[in-house]
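Fold and geometry: a report
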Amino acid sequence: MFKPLIILFNFYIKSSIHVALAVVSLSLITLNVGLLDISKKVFIFIFFSTLFVYNFIKFFPLVIEGKRKKIPISISLLSVSAGLTSFLLYFYLSLLAQIFVLLGATLVIFYGIPIFNKSSNWRNKKGWKIYLVVLSWLFLSVGVPLASNSIFQPTLFLKLTFIQGIFVFVAILPFEIRDLLSDDLRLSTIPQKFGISTTKKIGYLLLIIGFLFTFFQFYNQIPWIISTGFSFLILAFMLYWSSTKKAYYYTAFYVEGIPIIWCLSLYLITYF
């Protein structure tokens with residue numbers, strides 16, 4: 001009875017649908033906070049482009065190594081469809097939004113493909129991994145929605161980039177803690193440099209700074225403040241319980257799903 005549900009759940013996680021929904025959730029947060037009026041095509045683009053990019057990063061190495069058979073056909077078909085859909089929708093975006101997408105795409109190319117060195121990419125460069133991921137998320141979740149509005153708001157862009165940047169940065173720490181024993185030492189991840197305990201303290205401090213910044217910069221937007229505090233608190237607890245022994249789904253489902261909770265709580269508080 002439960003086997004089909006387990007298969008479906010695994011497909012949901014491994015096909016990157018979950019992470020794509022997380023990025024769309026952050027984009028909807030940008031929409032809500034900025035009081036934007038933009039086309040639904042923008043969010044459809046963000047969903048499919050995120051799905052395609054994450055699967056590209058995960059499975060492209062297998063293609064390079066000639067191990068295509070290890071990639072499930074269902075995920076291959078979904079990824080190709082997502083890539084084609086996002087390519088077509090790209091031309092519906094504003095020029096500025098297209099620029100943000102191109103910047104993100106450049107990071108993805110250097111992140112996932114060895115360009116100058118056949119055995120290395122930016123992902124494997126010392127200390128770069130976390131910042132590449134944060135920037136690529138922010139280009140989609142903040143840059144594209146704001147750039148799709150009739151009037152781009154630079155100040156709001158900087159504020160939301162700071163808040164969501166802190167969130168994404170801290171949300172990556174449980175992943176780095178989980179992979180501490182298996183990551184190449186040359187990656188120089190935060191836990192590798194400072195240890196697990198100090199890494200968690202860094203995360204807590206950043207979340208406090210992010211919440212205080214939200215409180216003082218958006219003091220008149222109560223739903224935004226409450227939902228941010230609630231979501232940052234959940235992330236702090238998830239970070240606290242992070243360890244090298246945590247199961248894959250602890251990060252891949254629960255931690256990755258916090259943006260969805262953040263978005264839902266914001267809209268529920270706003271409209272109910």
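What comes next is a walk through the structure. Computed from a predicted structure; not experimentally measured.

Let us look at the overall build of the protein chain. Of regular secondary structure, the protein chain possesses eleven helices and zero strands. Starting at the N terminus and ending at the C terminus, the protein chain contains elements arranged as α-α-α-α-α-α-α-α-α-α-α. Taking 19 Å as the expected radius of gyration for a compact globule of 272 residues, we find that the protein chain reaches 18 Å, a close match to that expectation. Each principal axis of the C-alpha atoms in the protein chain carries an extent, and together these give about 55 × 50 × 45 Å. Long-range pairs, those at least 24 residues apart, make up 73% of the contacts in the protein chain between residues at least 6 apart in sequence. Of the roughly 14500 Å² that the protein chain leaves accessible, carbon and sulfur atoms contribute 72%. On the protein chain, the mean spot of the 22 positive side-chain charges and the mean spot of the 7 negative ones are 3 Å from each other.

What follows is about the packing of helix H8 (residues 190-217) against helix H9 (residues 222-240). Contact geometry of H8 with H9 gives a least axis separation of 10 Å together with a crossing angle of 180°. Taken together, the axes of H8 and H9 are roughly antiparallel relative to one another. Contacts from Lys200, Gly203, Tyr204, Leu207, Gly210, Phe211, Thr214 and Phe215 in H8 reach Trp224, Ile225, Thr228, Gly229, Phe232, Leu235, Ala236, Leu239 and Tyr240 in H9. A class-by-class count of the residues in the contact of H8 with H9 yields eleven nonpolar, five polar and one charged.

On to the pattern of salt bridges. With the rule as written, the count across this model stands at one salt bridge. Put simply, Asp179 and Arg178 hold a salt bridge, and the shortest N to O gap is 2.9 Å. Given the relative accessible area of 17%, Asp179 is considered buried.

Let us look at the packing of aromatic side chains. Going through the model one piece at a time under the given rule, you end up with 23 aromatic pairs. Relative to Phe152, the ring of Phe100 lies with its centre 6.2 Å away and its plane at 40°, an arrangement referred to as tilted. Remark: Phe152 occurs in the loop between helix H6 (129-147) and helix H7 (154-178) and Phe100 occurs in helix H5 (residues 95-112); sequence separation between them is 52 residues. Residue class for Phe100 comes out buried when judged on its relative accessible area of 10%. Using a relative accessible area of 28% as the deciding quantity, one classes Phe152 as partly exposed. Ring-pair connections join several aromatic residues into one group, and the members of that group are Phe9, Tyr248, Tyr249, Phe253 and Tyr254. Across the ring face of Tyr240, the terminal group of Lys200 is positioned such that the distance to the ring centre comes to 5.9 Å.

We now examine the nonpolar core. Counting 67 residues, the largest nonpolar core has Ile46 and Trp224 as its most contacted members. If one sorts the elements of this core by residue count, H7 sits on top with 14 residues.

This part takes up the side chain of Thr189. Its place among the elements puts Thr189 in the loop between H7 and H8. Discounting chain neighbours no more than four positions away, the residues touching Thr189 are Glu176 and Asp183.

Here helix H1 (residues 3-14) contains twelve residues, and its C-alpha end-to-end distance of 16 Å stays within 8% of the 16 Å for a straight helix at 1.5 Å per residue. Of the residues one or two after H1, Ser16 is the one with positive phi, at around 75°.

A word on a nonpolar patch on the surface. Taken together, the side chains of Leu95, Leu96, Ile99 and Leu103 define a hydrophobic patch exposed on the protein surface, amounting to about 350 Å² of accessible area. Considering the arrangement of structural elements, one finds Leu95 in helix H5. With relative accessibility at 63%, the residue Leu95 sits in the exposed group.

Spanning 25 residues, H7 covers 36 Å between terminal C-alpha atoms, matching the ideal 36 Å at 1.5 Å per step. With 19 of 25 residues buried, H7 is to be regarded as a mostly interior element.

Cut-offs used in this document
Residues numbered from 1 in each chain as written. Predicted model: local features only at pLDDT ≥ 70, side-chain atom pairs only at ≥ 80, totals over all residues. Heavy atoms only, no water. Helix = DSSP H or I, 4+ residues; strand = E, 2+ residues; numbered from the N terminus. Rg over C-alpha atoms; globule rule 2.2 N^0.38 Å. Contact = heavy atoms within 4.5 Å. Areas by Shrake-Rupley, 256 points an atom, 1.4 Å probe, with all protein chains shown as cover. Lys, Arg positive; Asp, Glu negative; His and termini not counted. Charge placed at Lys NZ, Arg CZ, Asp CG, Glu CD. Axes fitted to C-alpha atoms, helices over the stretch in contact; angles between N-to-C directions. Parallel < 35°, antiparallel > 145°, perpendicular 65-115°, else oblique. Nonpolar A, V, L, I, M, F, W, Y, C, P; charged D, E, K, R; others polar. Salt bridge = Lys/Arg side-chain N within 4 Å of Asp/Glu carboxyl O. Buried < 20%, exposed > 50% of the residue type's maximum accessible area, 1.4 Å probe, protein only. Phe/Tyr/Trp six-rings, centres within 6.5 Å; stacked < 30°, edge-to-face > 60°. Lys NZ or Arg CZ within 6 Å of the ring centre and 35° of its normal. Core = buried A, V, L, I, M, F, W, Y, C linked by side-chain atoms within 4.5 Å. Expected span 1.5 Å × (residues − 1). Patch = residues over 30% accessible without salt bridge, like charges linked within 9 Å, V, L, I, M, F, W, Y side chains within 5 Å.

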